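Tertiary structure, described
Residues per chain, in single letters:
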Amino acid sequence: MNSEPYPMGILVEAESFDDFGGWVMDSQFENEMGSPYLLAHGNGTPVADANTVVSIPNTARYNVCVRAKDWVFGHHPGRFTLSVGGERLPTEFGQVNLAAGDVTLALHDLTGFCGRCDAIFFTTEDTAPPAAVNEASRAWRRRLRGLPEEPVDGGSFDVVVVGGGVAGTAAALTAARLGQRVALVVEIGLSPRGWTGPLVDEFSARTEDGDLLAVRLLEAEPTATVFLEHTVYHAVTSGSSIKSIDARHARSGRETRISAPVFIDGSGTAVLGRLSGAETLYGQESRAEYGESLAPVKGDTMHHGNTVFFRTKMADSPVFFPAVPWATEVAKDYTDLRGQLRRPGRENGPGPVIVPPGHVPDPTIKGRLTHFWEYGQWLDPYTQGEHIRDHLLRAIYGTFSNVKTIEPDTYANLALDWVAFVPAQGEHHRYKGDYVLTETDIRTHKPFPDAVVQNDGAFCLHYPGDEKYDFQLKHWEWDERDKKPYDIPFRCLYSVNVSNLMMAGKHMSATHVANSNTKFMGNGGHHGIATAVAAFLCRKYGTTPRGVYQSYLDELKTATAGIARENHYGSYRLGKGKESYL
């Protein structure tokens, strides 16, 4: 018998397949699933096969195990089959005779409804492969894939930025244009909302195929290194500072250690803070804690949930959609498909509505907008993110089915044009900085000596609790106050207890109410600019973000203002002595 706790054999990670076919790689729930996986996201139409070639070292009879997930237990909407050398196995667990040499594997989707395959394992042993998600199972995967036990050295940089959204990209691009050696660790990026400005407008523009220009702009910067499709999973700390972070590449599983004297978290999920022990805020503060009029009387752990964008269309001919009892369990009899994504960055599109007989509309609700499709406000967004996404998918598929079923003639041609599998994430933990921004600060336009950028927008508070449909909000507070911009103090952009960690975006230091205003991605882009300039000053003067606040505030404010408003990167002189700004 093998002395290892788990069997040896041939491990084929689905995300390393040669050809994904119509399947897509989903790496966003790696911490829950234990690994990225391939997803058959066909919205009810089976997707094309995924294929790869595997080298078999020895002729033998192999036990075959497929690690998958029945994402709606009891209904099995994500069924698929595995073919080995052209032979389709009858179940996920089977046996097959294989000769030494190359053999082709194929994943064949049967439903189009989010089948997911994590890995395929061939072994001549009778011991089952690991099911748990822990360090022992990760070590087993590394060993079978021939990966090093420890992360490889990815290099040392002047600043490391985590998060490929607007805030992180703005920070990385600003840092690179200031001549800093910057590493950007990217998992998922999104379109901007909120006040933008020249820099954010530049990198959030799109190519004809819909891709953001951000990566191309960064690749054009000689001092920038982009780690695409990498998930940060560990931070190496010493005392009160971060020394390095470890990131895992989704496709290859390769783990890399990246070092820097300063880190900027633009992930929106406070990932570096959770890994390094930074103090954070979570949920709703009570009204008395910060004196906020929009806060609840009693604080709790409720937060903004997640949203899944979707879009329907009317086709030229009738479109079949299968029965989805597992989806109507969630959607019930809901028949309102408003709140669609019109195009990237443009939401709240119209959609089919069937009004039930005797329905009396709620006069306080002006329209069912995009973010009325929201779920997860009372769940842990870190450990239940996949469940939240899947629940919203069931709600959308069930509602779509209801509309087509109740008025089959009217909506015979109705089709799902697009449904996201990456949710728009709501609220996670927020960092605590040397200052916590409040609703009152924003309303009164409180002046701050360390104001570095301005933000804009309304208070946007989401309240769950629809009496019948748990994927719909009960109420949405949209308070535009005086519509004037307000100041963000630098003390809200660095951690109160991790000395070399800054943050940009919706997890900056703010209360739940204030965060409902600062959270817009365009606003976060300005945070990114300010933190990148601060990182430059940290390197220039050999200090920390708090040290910049204490000793070099005027320089920080002047440089940030020049970049944020005019995008004049070349005006910041990198030599010694007095700096000049244009």
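What you are looking at is a predicted structure, and each value in this text was computed from that prediction instead of being measured.

Of the two faces of strand 4 (residues 50–56), only one is covered, namely that formed by Ala 50, Thr 52, Val 54 and Ile 56; the face formed by Asn 51, Val 53 and Ser 55 stays uncovered. Pairing of strand 4 with strand 9 (residues 101–109) involves seven bridges; the strand directions are antiparallel. Residue pairing across strands places Val 53 opposite Thr 104, the latter belonging to strand 9.

This paragraph deals with the UniProt feature "domain: MnmG N-terminal" (unreviewed entry) in the protein. Mapped onto this structure's residue numbering, the UniProt feature "domain: MnmG N-terminal" (unreviewed entry) falls at residues 158–186. Strand forms 28% of residues 158–186 and helix 41%; the C-alpha atoms that close the span are 17 Å apart.

Attention now moves to the packing of aromatic side chains. For the structure shown, the criterion picks out 23 aromatic pairs. Ring geometry for Tyr 334 and Phe 471: centres 5.4 Å apart, planes at 80°, overall edge-to-face. On the criterion of sequence distance, the pair formed by Tyr 334 in the loop between helix 8 (325–331) and helix 9 (385–406) and Phe 471 in the loop between strand 24 (459–464) and strand 25 (473–479) is long-range, its members being 137 residues apart. For the pair shown, Tyr 334 and Phe 471 are each scored as buried. With 5.2 Å between their ring centres and 55° between their planes, Phe 490 and Tyr 494 make a pair best called tilted. Given the relative accessible area of 1%, Tyr 494 is considered buried. An aromatic cluster is built from Trp 71, Phe 113, Phe 321, Trp 326, Tyr 397 and Phe 400, whose rings are joined through pairwise contacts.

Okay, the sheet that holds strand 16 (residues 241–249) next. Spatial ordering of the open sheet is given by 11-17-16-15, a layout of four strands whose pairing is mixed. In the strand order of this sheet, the two ends are held by strand 11 (152–156) and strand 15 (230–238), each with one partner. Put simply, the sheet's adjacent strands are angled 25° from each other on average, direction ignored. Pairing analysis gives five bridges linking strand 16 to strand 17 (residues 255–259), with the strands arranged antiparallel. Residue Ser 244 lies in a different strand from strand 17, and its bridge partner there is Ser 259.

Conventions we followed
- Residues numbered from 1 in each chain as written.
- Predicted model: local features only at pLDDT ≥ 70, side-chain atom pairs only at ≥ 80, totals over all residues.
- Heavy atoms only, no water.
- Buried < 20%, exposed > 50% of the residue type's maximum accessible area, 1.4 Å probe, protein only.
- Helix = DSSP H or I, 4+ residues; strand = E, 2+ residues; numbered from the N terminus.
- Pairing = 2+ DSSP bridges.
- UniProt positions renumbered as here; feature names shortened; annotations may be inferred.
- Phe/Tyr/Trp six-rings, centres within 6.5 Å; stacked < 30°, edge-to-face > 60°.
- Axes fitted to C-alpha atoms, helices over the stretch in contact; angles between N-to-C directions.

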